[in-house]
Amino acid sequence: MKTPLEPRSGASAGDGPAGALVPPPVPPPRGPGRVREAGTTAVDAAPPGTFRLAAGGLSLLVPRRPLLAGVLLATVLVAVGAVGLSVGEIAVAPLDALRAAVLGEGSPRDLLVVEELRMPRVEAGIAVGAALGAAGCLMQTLSGNRLATPDTVGLNNGATAFAVAGIVAVPTGLLPSATALVGAATAAALTLALSGGAGQRGYRFLVVGLGVGAVFGAVTNLILSRAEIDAANAAFAWTVGTLNGRSQTAVTVLEAGLLVCLPPAVVLGHRLGALRFSDAVATSLGVRVRPVRAAVLLTSVVCAGLAVAVAGPLGMIALAAPEAARRLTGPGPVPVVTSALAGAVLTLLADLVGRTAMAPLEIPVGLVTAVVGGPYLLWLLLTTRTRRTP
Amino acid sequence: MTLRKTLLRGLLPVSAVLLAVVAASLLLGAGDVGPARAAAVLLGGADGDADARFTVLELRLPRTAVAVAVGAALGVAGAVLQATARNPLAEPGLLGVSAGASFAVVLAIVLGASATTVGPYAAVLGAAAGCLLALGAARLRGAGDDPVRLVLAGAAFSGMVGAASSVLLLVNQRASDEIRFWTVGSVVGRGTDDLMAVLPVLLLGLAAAAAVSPALSSLALGDDVATGLGHRPRRVRAVAVTSVALLVGGATAVAGPVAFVGLVVPFAARALVGPDLRRLLGVSVLLGPAVVLLADVVSRLVVRPYEMPLGVMTALFGAPVLVAVVRSSRLPSL
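Thresholds, definitions, all that
Residues numbered from 1 in each chain as written. Chains lettered and ligands numbered in written order. Predicted model: local features only at pLDDT ≥ 70, side-chain atom pairs only at ≥ 80, totals over all residues. Helix = DSSP H or I, 4+ residues; strand = E, 2+ residues; numbered from the N terminus. Buried ≥ 20, exposed ≤ 12 C-beta atoms within 10 Å, placed from the backbone. Contact = placed C-beta atoms within 7 Å. Axes fitted to C-alpha atoms, helices over the stretch in contact; angles between N-to-C directions. Parallel < 35°, antiparallel > 145°, perpendicular 65-115°, else oblique. Left-handed = near helix turned anticlockwise from the far one by under 90°. Nonpolar A, V, L, I, M, F, W, Y, C, P; charged D, E, K, R; others polar. Pairing = 2+ DSSP bridges. UniProt positions renumbered as here; feature names shortened; annotations may be inferred. Core = buried A, V, L, I, M, F, W, Y, C linked by C-beta atoms within 7 Å. Expected span 1.5 Å × (residues − 1).

Undergrad: Looking at this structure, I do not really get the overall build of chain B. What am I missing?
TA: In terms of helices and strands, chain B carries 13 helices and 0 strands. For chain B, the N- to C-terminal ordering of α and β elements is α-α-α-α-α-α-α-α-α-α-α-α-α. For chain B, the residues scored as buried account for 56% of the 334 residues in total. Relative to all contacts within chain B whose residues are 6 or more apart in sequence, the contacts with residues 24 or more apart total 78%.

Below, the structure is given as structure tokens:
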């Protein structure tokens, strides 16, 4: 017998009454009778709250609010990125910085500072934040629990342990990205196996994840305590999460991974929406639950693993970004892309704070997110009503 | 369970294990002095072997004593906190009590205090704050009914406070060098001075725990029944929290945050002698040292000639126990 869990509905919408049924997005209308030119009449024909794009025999409904949220977040992302490019030891005006970064124009000094020094870091921040945001959104939807994110279920720690092992203890010659992926998959498999499946037992899943994460964290520390002091200093980044001097190869791999993973996640959008209901409802809506679950889990593990390979165990982004995205988009399709954008914005902001708050000293971005995100996580935990864990 | 059974099933085997582990702790180490030379020192026959004498008497003996004190404190604190929160997962490390204590110590050192003299008191204050926060959270709407959620809240609090400590250490390099190893939990290089500084705190905490245990077990019947039996629930809880704060604060001041001991020890003790709090405390006070010492001995041996931080070892032991407790179909109710 299955007891309905409150967190499942908590994941469905940021606002609105808990447990309110969210209508799945209407599939795009098809057929010759409905084809019209894209224009005012077509918009009028679309259901409320959506745009309709039509071309030839195909048309696509674009929900209005998520689109606006996406545009807004993208604008904010560009603005924060410009500030990130311009702030530092050598100040560059934000517009000049953008020009140097995008067009490659400007004084040689600006070009050096922006393109050589700051751009890789901003790029890494955007990629890591986007991957974590998307992974968090997918995992929350999958488990029906808005606290289930790669960092709370031990995935980040698993990826870190394997990446550190690959670098320090057993130099394999493999990219840290590869070992981190294996670690993320191992941790996810362990947590799922030990807790008997996500979403079935509510918070139990999370505490099992906490335990698995603790073991992997201890393994990381064990490896680091064996390492020579120089290697251990280099490995400090792996214990907190930072964007300083990250491996360019890992960033490239992450970007490639995002390109591969995000489009399927977006296409899977309305099936993901059905996963927010119980399995029985999803099945009756025509969704094959198991393959979709497996695909979604795989995507989120890959995203989180590759992101950890770049920046180390960066917490809280995967928790906060989907939450922000849901607030912005409202009920409707699962906001994978919006979460990714929100994650990128949050990561860049946190890194900016870490770089400027105590300049010239730099606070790793992972510490900033932990200090700022901790109270938020506590608030989420303590204000969500739940039944007793079954 | 009769007293005789308690003795036979709980105290005797645990005492034997403790003695064995103490012997192992004195005989085994990461360095060159092997068991044979160490045994010669202990039996009084190694006057010429200054090296071995120094290692055993000046390094291993104080370290063993510190581990025993820390283990007893954490084991008892875990049992008392579990009874107070009526939650089998309530563990000082998991609920953020240790994190609060270590943050207070870091703050005190950054502000210029000395780790040995001021540390214990700052740690006790920090532990008290962490304890009150955790129990306060437990009493908030709904959260207290769910043992598992309290652990998550504690983990969130620990993570936050731990990151704040890291930021402080990043800013202050001197403090960072002073306590780099302390922040992961370790008994390496702790001497008699460190132990003497916290011993009064720990003894006071143990006394408070022993004094409050009968009343605390009546609270398990509910506040109304406890009041009817002549106890004052609020005061009992206050004493219990004070004792946990003293024990965890003292232990953290000397050994850093060591997690999971307060979970593993009462869990095992409950399996040995059942749920009665007084028996539980009696077994925990012996079992705690055994667990911490065992972890310490193993941490010396697995990565020779290096040593592994104690906190890492207890996490390796303890996290699987946490998973096992959570997985068991019915959480043991308290």
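Continuing now.
Undergrad: For this particular structure, what's the right way to read the overall build of chain A?
TA: Along the backbone of chain A there are 16 helices and 2 strands. Considering chain A as a whole, with its 390 residues, one finds that 53% of them fall into the buried category. A fraction of 72% describes how many contacts in chain A between residues 6 or more apart in sequence connect residues 24 or more apart.

Undergrad: Quick question: what am I supposed to make of the packing of helix α8 (residues 192-219) of chain B against helix α10 (residues 233-255) of chain B here?
TA: To describe two helices that pack against each other, one gives the angle between their axes and the distance between the axes. All names here are of chain B. Contact geometry for α8 and α10: axes closest at 8 Å, N-to-C directions at 150°. Regarding the angle of α8 to α10, the classification is roughly antiparallel. With respect to the hand of their crossing, α8 and α10 are arranged in left-handed fashion. Per-class residue counts for the contact of α8 with α10 are 19 nonpolar, 5 polar and 1 charged.

Undergrad: Before we go on, may I ask you to explain the pairing of strand β2 (residues 58-63) of chain A in this structure?
TA: The two faces of the sheet receive side chains in turn, since in a regular strand these alternate between them. Residues and elements named next belong to chain A. Of the pairings in the sheet, the one linking strand β1 (residues 50-55) to β2 comprises 6 bridges and is antiparallel in character. Looking at β2, one finds that F51 is bridged to V62. The antiparallel pairing of β1 with β2 creates a hairpin that spans 2 residues between the two strands, and G56 there sits at a positive phi of about 60°.

Undergrad: I keep staring at the UniProt feature "transmembrane region" (unreviewed entry) in chain B and nothing clicks. Help me out?
TA: Residues and elements named next belong to chain B. Under the feature "transmembrane region" (unreviewed entry), the UniProt entry names residues 62-81, 93-115, 121-138, 150-171, 195-217, 238-268, 280-298 and 310-329. With 100% helix and 0% strand, residues 195-217 has end C-alpha atoms that lie 31 Å from one another. Taken end to end, residues 280-298 is 100% helix and 0% strand, and its two terminal C-alpha atoms sit 26 Å from one another.

Undergrad: Looking at this structure, how should I read the nonpolar core?
TA: Across soluble globular proteins, nonpolar side chains have a tendency to be buried as a group. With 225 residues, the main nonpolar core has A131(A), L254(A), A304(A), A307(A), V70(B), V76(B) and V244(B) as its most contacted residues. For this core, the element with the highest residue contribution is helix α5 (residues 108-143) of chain A, accounting for 16 residues. Residues within four places of V244(B) in sequence aside, it is in contact with A77(B), V80(B), L81(B), P92(B), V97(B) and C131(B). One finds L26(B), V33(B), V41(B) and V56(B) within the second-largest nonpolar core, a separate group that totals 6 residues.

Undergrad: Looking at this structure, I do not really get the interface of chain B and chain A. What am I missing?
TA: When the parts of a complex come together, some accessible area is lost, and that lost area is often used as the size of the interface. Every contact between the two is made by 36 residues of chain B and, on the other side, 35 residues of chain A. Here the element with the most residues in the side of chain B that touches chain A is helix α6 (residues 147-171) of chain B; it accounts for 16 residues. Looking at the side of chain B that touches chain A, its residues break down into 29 nonpolar, 3 polar and 4 charged.

Undergrad: Would you take a moment to explain the packing of helix α14 (residues 317-329) of chain A against helix α15 (residues 336-356) of chain A for this structure?
TA: Residue and element names in this part refer to chain A. Contact geometry for α14 and α15: axes closest at 8 Å, N-to-C directions at 125°. As judged from the angle between their axes, α14 and α15 are oblique. Crossing of α14 over α15 shows right-handed handedness. Contacts between α14 and α15 involve I317, A320, A321, P322, A324, A325, L328 and T329 from the first element and T338, S339, A342, G343, L346 and T347 from the second. For the contact of α14 with α15, the residue count by class is 9 nonpolar, 5 polar and no charged.

Undergrad: Sorry, what's going on with α15(A) here?
TA: In an α-helix, one turn spans 3.6 residues; hence positions three or four apart end up facing the same way. Between its terminal C-alpha atoms α15(A) stretches 30 Å, which fits the 30 Å expected from 21 residues at 1.5 Å a residue. Among the 21 residues of α15(A), 18 are classified as buried, and the element is accordingly described as predominantly covered.

Undergrad: When you look at the environment of T242(A) in this model, what are you seeing that I'm missing?
TA: Residues and elements named next belong to chain A. Residue placement: T242 occurs in the loop between α9 (229-240) and α10 (248-267). Taking the number of C-beta atoms within 10 Å as the measure of exposure, T242 has 24 and is therefore buried. Along the chain, T242 and G125 lie 117 residues apart, while their C-alpha atoms are 9.3 Å from each other. When sequence neighbours within four positions are dropped, the list of residues in contact with T242 reads A237, A311, G312, P364, V365 and G366.

Undergrad: Hey, could you run me through unusual backbone geometry in this one?
TA: A negative phi angle is the norm for most residues apart from glycine, just as the trans form is the norm for most peptide bonds. Of note in this structure, M316(A) is not a glycine but carries a positive phi near 75°. As for its position among the elements, M316(A) is in the loop between α13 (289-311) and α14. Judged by the 29 C-beta atoms lying within 10 Å of it, M316(A) is buried. The phi dihedral of F260(B) is positive, around 75°, even though this residue is not glycine. Structurally, F260(B) is set in the loop between α10 and α11 (261-273). Taking the number of C-beta atoms within 10 Å as the measure of exposure, F260(B) has 29 and is therefore buried.

Undergrad: Can you help me understand the UniProt feature "transmembrane region" (unreviewed entry) in chain A in this one?
TA: Residue and element names in this part refer to chain A. When the UniProt feature table is mapped onto this chain, "transmembrane region" (unreviewed entry) is found at residues 67-88, 154-174, 180-198, 205-224, 294-321, 333-353 and 365-382. In the segment residues 205-224, helix accounts for 100% and strand for 0%; the C-alpha atoms at its two ends are 28 Å apart. As a span, residues 333-353 carries 86% helix and 0% strand, and end to end its C-alpha atoms are 32 Å apart.

Undergrad: Just checking my understanding: could you explain helix α4 (residues 97-110) of chain B for this structure?
TA: Residues and elements named next belong to chain B. Taking 1.5 Å per residue as the helical rise, α4 with its 14 residues ought to reach 20 Å, and the 20 Å between its terminal C-alpha atoms agrees with that figure. In terms of burial, α4 is largely enclosed, as 12 of its 14 residues are buried. Turning to α4, its buried residues number three or more, namely V97, S98, A99, G100, A101, S102, F103, A104, V105, V106, A108 and I109. Within two residues after α4, G112 carries a phi angle of roughly 110°, on the positive side.

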